[in-house]
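# Tertiary structure, described
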Amino acid sequence: MAWDDSGEPLHVAEPKVRALLADLLVHEGRSVSADRLIEDLWGARPSRNPVGTLQARISQLRRALGDPGAIVRGPGGYRVVARRVDASGFEELLARRTSAPRERVAELEEALALWRGPAYADVADLDFARPAITRLEELRLAAVEELSEVRLALGEPVEVGDLVAGHPLRERLRAVHMHALYRAGRQSEALATYTDLRERLAGELGLDPSPEVVDLHARILRQDPALAAAPGPAGAAAARGLPAALVALVGRDGELEEVAGLLARERLVTLTGPGGVGKTSLALEAARRDAQHPDGVHLAELAGTAHPADVLAAAIGVRDDSSTPLETRIAQALRGRRVLLVLDNCEHLVEPVAQLVAALLKAAPELRVLATSQEPLGVTGERVHVVPPLAEDDAVRLFATRAGIEPGPAVRTICRRLDGIPLALELAATRVRALGADELARRLDDRFRLLSSGMRDAPARQRTLRAMIDWSWELLSEPERLVLRRLAVHADGCTLEAAEQVCAEPGHDVLDLVARLVDRSLVTPGPRYRLLESVAAYGVERLREAGEYDLVRERHTRYYTTLAESAELRGHRQREWLDRLDQESGNLRLALEGPEPLRLANAMAWYWFLRGRLGEARRSLAYALTRGGPAGQSAMAAMWLAGFTRVIGEPAQAVPYHDLDPCGRAVHDWFLSHVSWAYGDFAVHDDQVEKALAAFTALGERWGVAAALTLRAKLAVSRGDLATMDRDGARGLAVFSELGDRWGQAEAMEVLDMVAEIRGDYAEAARLREEELRLAGELGIVSPFKVSGLGRLALLEGDYARADDYHERARALAVEQSFKSAEEHAVIGLAISARRQGRYGAAEDYLLPWFAWLRQVGGTAGIAFALAELGFAAEQRGDAETALARQQEGYANARATGDPRAIALALEGLAGALSLAGRAEEAARNLGTAAALRASVGAPLPAGERLDVERATDRIRAVLDEEEFAAAFRSGESDLEERLHASGNSAITSQ
């Protein structure tokens with residue numbers, strides 16, 4: 001509701017004018033353009049003169065408000081001059097609330113009293129009002145929850161049953177309700193409301209209750225006395241020397257249990273971790289729950305002092321006495337008492353605190369100490385517990401709770417980029433109201449300017465992100481600062497070797513300095529040393545301030561380029577180096593921005609290929625080529641780029657072949673055919689593989705020899721030359737096995753499994769393909785070709801469900817990797833399966849979109865096969881005309897390949913179409929010719945592939961008797977030589 005200057009509520013009669021007022025109020029004094037107001041009020045149906053209509057409504061509103069100056073027009077549009085508005089007053093009161101429980105109750109009650117019904121009720125159905133309504137309602141519910149929690153803590157009754165009924169999935173509200181019911185002696189109802197929440201979350205959202213609610217349920221079940229008994233006037237925590245908790249601790253249940261266990265066994269426990277990770281909150285909550293120190297729990301906050309003994313003495317009530325050292329008086333006061341001391345923020349006083357704690361532990365045997373520090377105290381008997389950042393789900397819950405929003409993808413991005421550090425998340429949550437989660441996530445590259453205001457009651461070092469890290473930075477020595485800022489150039493951490501190379505400085509022991517930074521919780525422990533993203537961003541700023549950025553980036557580039565060039569990706573150490581380059585992916589991408597990207601891109605090309613990172617390879621090589629470099633390096637990069645472009649399924653540019661050295665030319669001839677061996681001109685492929693084999697042999701490159709032999713074996717399939725496939729595949733496998741190259745072994749086995757499949761030995765084909773997947777799996781490679789290969793075997797065995805599963809997985813992998821030919825292979829498998837199951841339309845839907853691409857890449861064999869499948873589909877649904885047309889076109893493409901098996905399949909397809917058209921004798925002759933062709937290459941049609949031939953045969957036998965069929969079939973067999981031209985079988989016809 002809005003109010004006039006006299007304090008009376010404003011009354012605006014006309015609905016459109018009320019909506020106009022609401023629209024201006026929703027924008028909280030900011031200007032709203034005329035176009036925006038027209039769209040909000042009239043949507044897609046404005047008047048003929050929308051601007052004039054709006055101006056008339058503005059005039060009406062000014063009259064209703066009784067003040068011509070109440071609505072102001074400026075360059076940005078119209079705005080309402082500030083009046084007292086309940087929504088604004090409510091938010092202002094929430095922002096000003098204090099931490100003292102009694103005062104907070106009064107402040108929250110005053111804020112909630114401003115609600116006189118739903119927010120913006122008159123315009124709740126208009127789009128412009130919905131975000132404001134949602135935000136205000138969320139703030140109201142959060143305020144009610146907070147008020148109820150504080151009242152519970154003060155021992156006052158709470159009733160939220162009606163709110164729970166209206167918002168049954170709000171876990172914080174449910175927790176308040178459960179606690180209030182239990183406090184009122186209604187334990188069964190408290191347990192019932194938990195059960196209702198759990199079932200609703202599971203049924204509607206597929207979620208479990210939060211750990212905090214689960215913990216409360218467990219405490220109710222065991223009738224925890226702390227839940228039933230209200231604290232005294234000052235609060236239990238205050239009586240034990242601890243501040244009351246203002247907000248719930250999120251995501252630390254496991255940590256609390258571990259700290260409690262440590263305190264039960266050890267006399268000195270130190271919580272370490274980076275600034276803002278929540279060491280203090282965890283220590284205080286653990287101390288509040290402590291029940292084994294009846295003589296008291298005392299907190300000494302050391303952040304603002306240089307004299308820890310003074311603070312500790314004040315905490316336990318010991319007066320200074322000049323005649324006796326203060327440390328001695330503290331020890332005397334603690335001797336014989338079972339006391340827990342919480343020493344918070346010791347990092348800037350490690351030496352004096354360590355001396356004081358050691359002396360007190362010796363003097364007071366019953367004493368236990370819980371300390372928080374960014375580094376251990378280094379005292380005998382100390383048990384260090386490293387407090388980790390929040391797990392992602394817990395970080396999301398914390399952020400969403402503090403920001404008062406529902407979790408979403410942007411929230412997860414924010415939580416990941418802020419490393420799950422609670423203080424950083426708390427600071428970011430304060431910006432959501434102004435920016436929204438999406439915009440906040442987009443602006444995190446400028447995080448120090450963005451997260452520059454926090455809670456006013458927080459210590460100065462915790463009010464901004466920069467202050468949080470400044471606190472840690474100021475505690476470092478200059479050599480430690482040097483190494484920390486230089487470590488910041490790394491992406492996703494580095495090894496000790498990399499740190500020593502990049503961070504080196506005369507007279508500095510990098511190993512020792514890194515170890516000291518680990519102790520100070522600024523660097524994660526090895527073997528891979530990482531910085532939190534915020535610490536890294538801070539370090540880069542400091543690096544630029546020191547004038548070292550360019551120097552250190554150059555060192556970084558040089559180190560990682562040398563690393564990539566030394567990688568052994570062909571041989572026994574293949575898996576080791578793949579893993580190492582995986583770990584360094586971020587650093588290697590960063591190094592590509594350095595002065596010699598061609599060297600690095602060429603060194604990384606084979607890694608990218610093995611990992612299936614085709615898009616990354618293509619982008620990186622193209623970028624490196626734009627930067628220029630020596631002709632040989634440019635030519636090699638152009639060669640790799642052409643190969644990756646072909647794999648992705650697009651035309652590649654010509655490579656400056658003569659700029660390559662002999663080894664580069666051999667790789668060119670092999671690789672460009674290897675990635676496209678099933679497409680294009682087979683004669684060119686044959687020529688290139690022979691050149692590559694001769695060059696690799698002359699160079700003594702055994703890996704290249706094995707690769708060329710394996711490729712030559714693959715190319716032999718287009719001629720139906722199973723003997724060459726067997727011979728060269730086995731030779732390639734033998735060399736790859738000697739070298740220990742698992743990728744090469746799997747490639748050679750792929751040739752041998754094709755031979756086994758062609759011969760109908762599906763068991764051997766399956767054995768080889770399983771072994772290929774095992775070898776690839778050992779390298780962390782998932783090949784879509786090998787997955788769809790298993791699908792093809794399942795298809796031939798008639799297990800269509802398993803075949804479809806394999807082919808769908810292979811297609812998804814191929815799409816993910818942008819591996820076009822592998823995607824085509826998988827789709828063909830899906831089409832065959834669909835057609836064999838009678839889903840002819842689905843088979844056509846799979847195949848028809850591929851013809852344009854196949855023509856573009858010269859996929860004549862693929863076109864022939866696809867047309868055969870489409871012809872079979874038309875035949876099976878009884879469309880003889882379409883079946884014959886498709887099979888004739890497929891037959892023409894098959895003849896162009898010169899592949900006897902492709903021609904045989906086309907003839908078998910023609911036989912089916914002809915038999916359906918009533919031309920049984922011609923059909924039988926085609927079957928005879930097809931059988932002779934298959935026999936000529938030693939590859940008769942296996943049982944798993946005879947379904948289409950058997951269907952045609954049955955149809956022919958229904959027309960021809962046995963003798964007529966046999967004569968026609970023999971005619972096709974005996975006419976084979978006569979019907980073949982010597983130049984590629986081009987004269988076979990069925991007409």
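Quick notes on the rules
Residues numbered from 1 in each chain as written. Predicted model: local features only at pLDDT ≥ 70, side-chain atom pairs only at ≥ 80, totals over all residues. Heavy atoms only, no water. Helix = DSSP H or I, 4+ residues; strand = E, 2+ residues; numbered from the N terminus. Rg over C-alpha atoms; globule rule 2.2 N^0.38 Å. Buried < 20%, exposed > 50% of the residue type's maximum accessible area, 1.4 Å probe, protein only. Contact = heavy atoms within 4.5 Å. Areas by Shrake-Rupley, 256 points an atom, 1.4 Å probe, with all protein chains shown as cover. Lys, Arg positive; Asp, Glu negative; His and termini not counted. Charge placed at Lys NZ, Arg CZ, Asp CG, Glu CD. Polar contact = N/O pair within 3.5 Å; in protein donor to acceptor, adjacent residues only side chain to side chain. Pairing = 2+ DSSP bridges. Axes fitted to C-alpha atoms, helices over the stretch in contact; angles between N-to-C directions. Parallel < 35°, antiparallel > 145°, perpendicular 65-115°, else oblique. Left-handed = near helix turned anticlockwise from the far one by under 90°. Nonpolar A, V, L, I, M, F, W, Y, C, P; charged D, E, K, R; others polar. Salt bridge = Lys/Arg side-chain N within 4 Å of Asp/Glu carboxyl O. Core = buried A, V, L, I, M, F, W, Y, C linked by side-chain atoms within 4.5 Å. Expected span 1.5 Å × (residues − 1). Arc of directions from axis to C-beta. Phe/Tyr/Trp six-rings, centres within 6.5 Å; stacked < 30°, edge-to-face > 60°. Lys NZ or Arg CZ within 6 Å of the ring centre and 35° of its normal. pLDDT = per-residue confidence, 0-100. Disulfide = S-S within 2.5 Å.

Counting its regular elements, the protein chain contains 52 helices and nine strands. Over its C-alpha atoms the protein chain spans a radius of gyration of 38 Å, topping by over 25% the 30 Å that the globule rule assigns to 991 residues. Along the longest, intermediate and shortest principal axes, the C-alpha atoms of the protein chain span 120 × 80 × 60 Å. Buried residues in the protein chain amount to 52% of all 991 residues. For the protein chain, contacts bridging at least 24 residues in sequence account for 67% of all contacts bridging at least 6. As displayed, the protein chain offers around 43,400 Å² of accessible surface, 51% of which is attributable to carbon and sulfur atoms. Of the charged side chains in the protein chain, 121 are positive and 148 negative; the average position of the first set lies 4 Å away from that of the second.

With respect to the secondary-structure elements, Ser 788 resides in helix α41 (residues 784-796). Looking at Ser 788, its side chain comes within polar contact range of the side chain of His 825, at 2.7 Å. Setting aside chain neighbours within four positions, we find Ser 788 in contact with His 807, Ala 810, His 825 and Ala 826.

Following the sequence through the fold, Ser 915 ends up in helix α48 (residues 900-916). Note on Ser 915: relative accessible area 8%, which makes it buried. Spatially, the C-alpha atom of Ser 915 lies 8.8 Å from that of Ala 880, the residues being 35 residues apart in sequence. Sequence-distant contacts of Ser 915, defined by excluding residues within four places in its chain, comprise Ala 923, Ala 952, Arg 955 and Ile 956. Polar contacts involving the side chain of Ser 915 include one to the side chain of Arg 955, which spans 2.8 Å.

Moving on: the sheet that holds strand β8 (residues 368-372). Strand order in the open sheet formed by five strands is β6-β7-β8-β5-β9, and the pairing between neighbours is parallel. The sheet is open, and its two edges are formed by β6 (297-301) and β9 (382-386), each paired on a single side. With strand direction ignored, the average angle separating the axes of adjacent strands in the sheet is 15 degrees. Pairing of β6 with strand β7 (residues 340-344), which is carried by five bridges, proceeds in the parallel orientation. Residue pairing across strands places His 298 opposite Leu 341, the latter belonging to β7.

What follows is about the packing of helix α43 (residues 820-836) against helix α44 (residues 840-847). It is the contact of α43 with α44, at a shortest axis distance of 7 Å, that shows an interaxial angle of 165 degrees. Taken as axis vectors, α43 and α44 run roughly antiparallel relative to one another. Between α43 and α44 the crossing geometry is left-handed. From α43, Val 827, Ile 828, Leu 830, Ala 831, Ala 834 and Arg 835 reach across to α44, where they touch Tyr 840, Ala 842, Ala 843, Tyr 846 and Leu 847. Residue composition of the contact of α43 with α44, by class: 10 nonpolar, no polar and one charged.

What follows is about the pattern of salt bridges. All chains considered together, the criterion is met by 83 salt bridges. Notably, a salt bridge pairs Asp 582 with Arg 611, separated by 2.8 Å at the nearest N-O pair. One end of the pair, Asp 582, is in helix α30 (residues 574-583); the other, Arg 611, is in helix α32 (residues 597-611), with 29 residues separating them in the sequence. Salt bridges sharing common partners tie together Arg 835, Glu 869, Glu 875, Asp 948, Arg 951 and Arg 955.

Time to look at the packing of helix α34 (residues 631-648) against helix α35 (residues 662-674). Orientation of α34 relative to α35, taken along the N-to-C sense of each, is 5 degrees, at an axis distance of 10 Å. When the axis of α34 is compared with that of α35, the two are roughly parallel. Across the interface between the two elements, Met 636, Met 639, Trp 640, Ala 642, Gly 643, Phe 644 and Arg 646 of α34 pack against Gly 664, Val 667, His 668, Phe 671 and Leu 672 of α35.

A few words on the nonpolar core. Across soluble globular proteins, you tend to see nonpolar side chains buried next to one another. Formed by 160 residues in total, the largest nonpolar core has its most connected members in Phe 399, Leu 487, Trp 606, Trp 640, Trp 670 and Phe 671. What Phe 399 contacts, discounting residues up to four positions off in sequence, is Ile 405, Val 411, Ile 414, Cys 415, Leu 425, Ala 428, Ala 429, Val 432 and Leu 440.

Take unusual backbone geometry next. Peptide bonds are mostly trans, and most non-glycine residues show a negative phi. Of note, the amide linkage connecting Gly 526 to Pro 527 takes the cis form, showing an omega dihedral of 10 degrees. In this fold, Pro 527 is placed in the loop between α27 (510-519) and α28 (533-545). In this structure, Asn 345 takes a positive phi of about 65 degrees despite not being glycine. When you line up the elements, Asn 345 lands in the loop between β7 and α17 (350-363). Phi angles above zero are rare outside glycine, and Ser 818 is one such case at about 60 degrees. With respect to the helices, strands and loops of the structure, Ser 818 is situated in the loop between α42 (800-817) and α43.

Looking now at helix α13 (residues 253-265). The first and last C-alpha atoms of α13 sit 19 Å apart over 13 residues, in line with the 18 Å expected at 1.5 Å per residue. What α13 keeps buried is the set Glu 255, Leu 256, Val 259, Leu 262 and Leu 263. For α13, the angular spread of the buried residues around the axis is 125 degrees, confining them to a single face. Relative to its buried face, α13 has exposed residues pointing more than 90 degrees away, namely Glu 257 and Arg 265. Buried residues along α13 sit in contact with β5 (268-272), α14 (279-289), β7, β8 and β9.

According to the stated counting rule, one finds 21 aromatic pairs in the structure shown. Ring centres of Trp 606 and Phe 671 lie 6.4 Å apart, and the angle between their planes is 75 degrees; on these two criteria the pair is classed as edge-to-face. Taken together, the residues Trp 606 in helix α32 and Phe 671 in helix α35 connect sequence positions 65 residues apart. Each member of the pair, Trp 606 as well as Phe 671, carries the same accessibility label: buried. A cation sits over an aromatic face here: Arg 544 above Tyr 549, 3.8 Å from the ring centre. Of note, Arg 957 hangs over the ring of Phe 965, and the distance from its end group to the ring centre comes to 4.3 Å.

The next thing to look at is the confidence of the model for the protein chain. Averaged over all residues, the pLDDT of the protein chain equals 86, while 93% of them reach at least 70. This model gives residues 1-9 a pLDDT under 50, and the stretch forms 21 contacts once residues within four places in sequence are excluded. Considering only residues more than four positions removed or in separate chains, one finds that residues 981-991, a stretch of pLDDT under 50, has 32 contacts.

For the rest of this paragraph, the subject is the pairing of strand β2 (residues 71-74). Where β2 lies against strand β3 (residues 77-80), four bridges are found, and the strand directions are antiparallel. In the strand pairing of β3, Arg 73 is matched with Tyr 78.

A word on the side chain of Asp 394. Following the sequence through the fold, Asp 394 ends up in helix α18 (residues 392-403). For Asp 394, the residues in contact, after removing those within four places along its chain, are Val 250 and Gly 251.

Here we come to the environment of Leu 693. Examined against the element boundaries, Leu 693 turns out to sit in helix α36 (residues 682-699). C-alpha of Leu 693 to C-alpha of Tyr 549: the two residues are 144 residues apart in sequence and 47 Å apart in space.

This brings us to the state of the cysteines. Tallied over the full model, the rule gives zero disulfides. Take Cys 503: it sits in no disulfide, and the sulfur closest to it among the cysteines is that of Cys 494, at 6.4 Å. We classify Cys 503 as buried; its relative accessible area is 0%.

This brings us to the environment of Ser 821. In this structure, Ser 821 sits in helix α43. Counting along the chain gives 66 residues from Ser 821 to Gln 887, while the straight-line C-alpha distance between them is 23 Å. Setting aside its immediate chain neighbours within four residues, Ser 821 contacts Val 647, Tyr 679, Phe 785 and Trp 853.

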